[in-house]
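In case you want the letters, here they are:
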Amino acid sequence: MSRTALRLAAPVALVALALTACQAAPEQGGDGDAAASDVCAQMVTNSGGLEDRSFNQASWAGMEQAEDELGVDVNVLVSTSESDLAPNVEAAVGTGCDFVLTVGYELAAATGEEAEANPDVQFAIVDEVVEAPNVRPIVFDTAQASYLAGYLAAGVSESRVVATFGGGNQPPVTLFMDGYVQGVEAYDAAHGTTTQVLGWDVEAQDGIFTGDFENVQLGQATAQSLIAQGADVILPVAGQVGEGAFLASIDAGSSALVIWVDSDGYETLPEEYHPLLLTTVEKNTQAFVVQAIGDLVDSGEVTDEPLVGTLENEGVGLADYHDLADRVSPELQAELDALREQIVSGEVTVESPSAP
């Protein structure tokens, strides 16, 4: 039985706003032979469960890495419905552990309540901001990386129609979509092309949402509609629902490509999807979770200092193109490399009302 399976505990809890502050992305790696630490750490998933191929899974990988490298005792409480959220956060605190990690906007409210009641416990929350002196936000400026993804999508599109859709109209979701649309516009401006983007209106801050992050069939139906309108590159920002984009492309016998989010889809998604996976807009969630736990181990002090992933500190970026590397010409890659440097230097600014 796997270590993950052994640690699944009873069901589990999240809300927030915006911030700034950047730190260098923590280094990954280690000898896996750390001395035992006095710190213990609990994690609470959102209702998407642990193996969501997204931020829950990446956060748990960070917890396990912290155990291997820092000697921290770790455990996860898995939420399978909204009713699990607050009880699981309360249960995590009830263990007496020094560090509690919660994942996603669903857990914001419960995180805030427990943090206020337990000021000596270090809380951290992924993809949300909870304003409390002992809650550390772990957030990512994904608009920077999805700007590159939009530029890439326009660069490989043959139909001159690309698309995106989200699981819900929430800042961690729409941040991706804002950057994606702006990246497509940047490609058109540079090349004199006109590429239609379906699914998101930056000005209106509204678009296509499934209202769910788990029902793959909803994603499939949504993607089918986008493909029917000519989209040949799709960015789903909807957790497991995004897998429906692959199914829609396969069922339609189309060559519509998919850009995944959060964790490299080539490593987490079924192999049958690999031929359609263009790239992933990655967040280095695993390393930032290790950083947050390591800081507590080192200092013993609680903090609300945010950890913000950017292109500059490699907290966000584009994954490898894997099987579709031949779709990206050397010229297009050179443009993407230059654009990345321009974003890092501030010459190009990616704007979004959802930016951290």
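Given the structure is predicted, the values throughout are model-derived calculations rather than measurements.

Draft legend 1. Fine view of the pairing of strand β4 (residues 99–103). Burial analysis of β4 places five of its five residues in the buried class, the great majority of the element. Side-chain alternation along β4 places Phe99, Leu101 and Val103 on one buried face and Val100 and Thr102 on a second face that is also buried. Where strand β2 (residues 40–44) meets β4, four bridges bridge the pair, whose relative direction is parallel. Looking at β4, one finds that Val44 is bridged to Thr102. After leaving β4, the chain enters helix α4 (residues 108–117) and then returns to the sheet as strand β5 (residues 122–126), a path that is right-handed.

Draft legend 2. Representation of the packing of aromatic side chains within the structure. Enumeration according to the criterion identifies five aromatic pairs in this entry. Ring centres 5.5 Å apart and planes at 75 degrees place the aromatic pair Phe140 and Phe288 in the edge-to-face group. Residue Phe140 is located in strand β6 (residues 135–140), and its partner Phe288 is located in helix α10 (residues 285–299); the two are separated by 148 residues in the primary sequence. Phe140 sits in the buried class, given a relative accessible area of 3%. For Phe288, a relative accessible area of 0% puts it in the buried group.

Draft legend 3. Representation of helix α2 (residues 55–70) in the model. Here α2 contains 16 residues, and its C-alpha end-to-end distance of 21 Å stays within 8% of the 22 Å for a straight helix at 1.5 Å per residue. Along α2, the residues that are buried comprise Phe55, Asn56, Ala58, Ser59, Trp60, Gly62, Met63, Glu64, Gln65, Ala66 and Glu67. The first or second residue beyond α2 is Gly71, which carries a positive phi of 75 degrees.

Draft legend 4. Up close: helix α7 (residues 216–228). The end-to-end C-alpha distance of α7, which contains 13 residues, comes to 18 Å, matching closely the 18 Å that a straight helix rising 1.5 Å per residue would cover. Every buried residue belonging to α7 is among Gly219, Gln220, Thr222, Ala223, Leu226 and Ile227, and all of these are buried. N-capping of α7 is provided by Asn215, with a side-chain oxygen placed 3.0 Å from the backbone N of Gln217. Remark: Gly230 follows α7 within two positions and exhibits a positive phi of approximately 105 degrees.

Draft legend 5. Layout of the packing of helix α5 (residues 142–156) against helix α6 (residues 171–191). Across the interface, α5 lies against α6 with an axial gap of 6 Å and an inter-helix angle of 45 degrees. Considering their axes alone, α5 and α6 lie oblique with respect to each other. Between α5 and α6 lies a crossing of right-handed hand. For the pair formed by α5 and α6, the contact residues are Thr142, Ala143, Ser146, Tyr147, Ala149, Gly150, Tyr151, Ala153, Ala154 and Gly155 on the first element and Leu175, Phe176, Gly179, Tyr180, Gln182, Gly183, Val184, Ala186, Tyr187, Ala190 and His191 on the second. Of the residues that constitute the contact of α5 with α6, the class distribution is 13 nonpolar, eight polar and no charged.

Draft legend 6. The arrangement of the pattern of salt bridges in detail. Counted under the stated rule, the structure contains five salt bridges. In this structure, the salt-bridge partner of Asp127 is Lys283, at a minimum N-O distance of 2.5 Å. Of this pair, Asp127 sits in the loop between β5 and β6 while Lys283 is found in strand β13 (residues 277–283), placing the two residues 156 residues apart along the sequence. With a shortest N-O distance of 3.0 Å, Asp262 and Lys283 are connected by a salt bridge. Note that Asp262 is positioned in strand β12 (residues 257–262) and Lys283 in strand β13, a separation of 21 residues in sequence. A relative accessible area of 7% places Asp262 in the buried class. Overlapping salt bridges bring together Asp127, Asp262 and Lys283 as one network.

Draft legend 7. The arrangement of the packing of α7 against helix α8 (residues 243–251) in detail. Relative to each other, α7 and α8 sit at 50 degrees, their axes nearing to 7 Å. On the basis of the axis angle, α7 is oblique to α8. Both α7 and α8 take part in a crossing whose hand is right-handed. Taken together, the residues of α8 that come into contact with α7 (itself represented by Val216, Gly219, Gln220, Ala223, Gln224 and Ile227) are Glu243, Gly244, Ala245, Leu247, Ala248, Ser249 and Asp251. The class makeup of the residues in the contact of α7 with α8 is six nonpolar, five polar and two charged.

Draft legend 8. Spatial organisation of the state of the cysteines. By the definition in use, this model includes one disulfide. Each sulfur of the disulfide joining Cys40 and Cys97 lies 2.1 Å from the other. Between Cys40 and Cys97 the disulfide shows an S-S torsion of about -125 degrees. By sign, it is left-handed. Highlighted residues: Cys40 in strand β2 and Cys97 in the loop between α3 (85–94) and β4, separated in sequence by 57 residues. Take Cys40 and Cys97: they sit in the same class, and that class is buried.

Draft legend 9. Focus on the pairing of β2. In terms of burial, β2 is a largely internal element, five of the five residues being buried. The two faces of β2 match: Cys40, Gln42 and Val44 on one face and Ala41 and Met43 on the other face are all buried. Strand direction decides the pairing type here: β2 and strand β3 (residues 73–77), joined by five bridges, are parallel. Its bridge partner being in β3, Gln42 is matched across the sheet by Asn75. For the handedness criterion, the β-α-β arrangement of β2, α2 and β3 is classed as right-handed.

Analysis parameters
Residues numbered from 1 in each chain as written. Predicted model: local features only at pLDDT ≥ 70, side-chain atom pairs only at ≥ 80, totals over all residues. Heavy atoms only, no water. Buried < 20%, exposed > 50% of the residue type's maximum accessible area, 1.4 Å probe, protein only. Helix = DSSP H or I, 4+ residues; strand = E, 2+ residues; numbered from the N terminus. Pairing = 2+ DSSP bridges. Right-handed = clockwise from strand over helix to strand, strands pointing away. Phe/Tyr/Trp six-rings, centres within 6.5 Å; stacked < 30°, edge-to-face > 60°. Expected span 1.5 Å × (residues − 1). Polar contact = N/O pair within 3.5 Å; in protein donor to acceptor, adjacent residues only side chain to side chain. Axes fitted to C-alpha atoms, helices over the stretch in contact; angles between N-to-C directions. Parallel < 35°, antiparallel > 145°, perpendicular 65-115°, else oblique. Left-handed = near helix turned anticlockwise from the far one by under 90°. Contact = heavy atoms within 4.5 Å. Nonpolar A, V, L, I, M, F, W, Y, C, P; charged D, E, K, R; others polar. Salt bridge = Lys/Arg side-chain N within 4 Å of Asp/Glu carboxyl O. Disulfide = S-S within 2.5 Å.

Nothing here speaks to function; it is geometry throughout.
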